[in-house]
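Residue strings, one per chain:
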Amino acid sequence: MRSNTLMWSGWGTLAAALLLGAAIVSGYAEPPGLDRWWADVVDAHVTGWMLSAAVVLDHVGGGWVGVLVIPVLVVVSLVLAGRWRGAVLAAATFVASAGVVQLLKQVYARARPDDMVVASDFGSFPSGHTANAATIAVVLYLLFPRVWVAVAGIAWTVAMALSRTLLSVHWASDTLGGALVGTSVALLLAAWALPWARTTSARTSSARPG
């Protein structure tokens with residue numbers, strides 16, 4: 001994927017996230033109709049095993065596990081695989097994504113749903129768990145552009161988004177905003193650094209015997 005394509009896709013995705021947040025908070029007193037509809041669907045169909053799975057994803061996708069342990073494991077794995085420049089790109093993207101999410105939470109200051117199942121921090125928009133999942137998914141796909149990586153990344157991000165609404169800690173639009181933010185940050189940093197990381201990989205591969 002060319003740098004210009006990555007850059008414009010990143011800016012476009014970020015703009016979409018910002019516009020979505022602005023549209024939501026402009027009608028702050030009432031959640032959008034889609035959010036209310038999806039909340040009703042969840043309430044009508046949620047089961048015990050769904051909630052249990054969502055609680056697991058809550059722990060895995062956020063807090064010190066999601067923000068620190070999993071990103072560190074990804075970075076260390078890339079270093080051990082000889083992709084140290086890819087590791088630098090991944091680390092920078094994870095930090096930037098988390099920073100942008102926290103900034104937007106303060107800017108939009110959207111209230112969370114009233115019936116939260118688990119405790120959560122300030123700010124409902126965007127979903128940090130979903131943003132983190134999308135960031136990891138996009139970074140890994142850009143470094144390893146395989147169909148199965150894309151499918152796994154999409155599945156992981158969707159599962160995380162669904163879990164946030166099952167636990168009533170986010171509205172559906174929060175999870176969409178999180179996915180947009182995480183994707184945009186990954187694309188924008190990749191537009192700057194991905195060619196550098198891929199050049200290293202090509203040279204390393206050509207230097208290996210056989």
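Quick note: structure is the one above.
What comes next is a walk through the structure.

Parameters and conventions
Residues numbered from 1 in each chain as written. Predicted model: local features only at pLDDT ≥ 70, side-chain atom pairs only at ≥ 80, totals over all residues. Heavy atoms only, no water. Core = buried A, V, L, I, M, F, W, Y, C linked by side-chain atoms within 4.5 Å. Buried < 20%, exposed > 50% of the residue type's maximum accessible area, 1.4 Å probe, protein only. Helix = DSSP H or I, 4+ residues; strand = E, 2+ residues; numbered from the N terminus. Salt bridge = Lys/Arg side-chain N within 4 Å of Asp/Glu carboxyl O. Phe/Tyr/Trp six-rings, centres within 6.5 Å; stacked < 30°, edge-to-face > 60°.

## Here's the deal with the nonpolar core
What tends to happen in soluble globular proteins is that the nonpolar side chains get buried as a cluster.
In step 1: Leu6, Phe94, Leu142, Leu143 and Leu194 are the most contacted members of the largest nonpolar core, which has 31 residues in total.
In step 2: Elements supplying a minimum of two residues to this core: helix 1 (3–26), helix 4 (63–80), helix 5 (84–108), helix 6 (128–143) and helix 8 (172–207).
In step 3: Per-element accounting of this core gives the leading share, eleven residues, to helix 8.

## Describing the pattern of salt bridges
In step 1: What the rule picks out here adds up to four salt bridges.
In step 2: Close ionic contact of Asp35 with Arg110 constitutes a salt bridge, the shortest N to O distance being 2.9 Å. Here Asp35 is found in helix 2 (residues 33–45), whereas its partner Arg110 is found in the loop between helix 5 and helix 6, with 75 residues between them in sequence.
In step 3: Here Arg112 ties to Asp121 by a salt bridge, and the two come within 2.8 Å at their closest N and O atoms.
In step 4: Judged by its relative accessible area of 12%, Arg112 falls in the buried class.

## Considering the packing of aromatic side chains
In step 1: All chains considered together, the criterion is met by three aromatic pairs.
In step 2: For the ring pair Trp37 and Trp38, a centre distance of 5.9 Å and an interplane angle of 50 degrees mean the geometry is tilted.
In step 3: The class for Trp38 is partly exposed, based on a relative accessible area of 25%.

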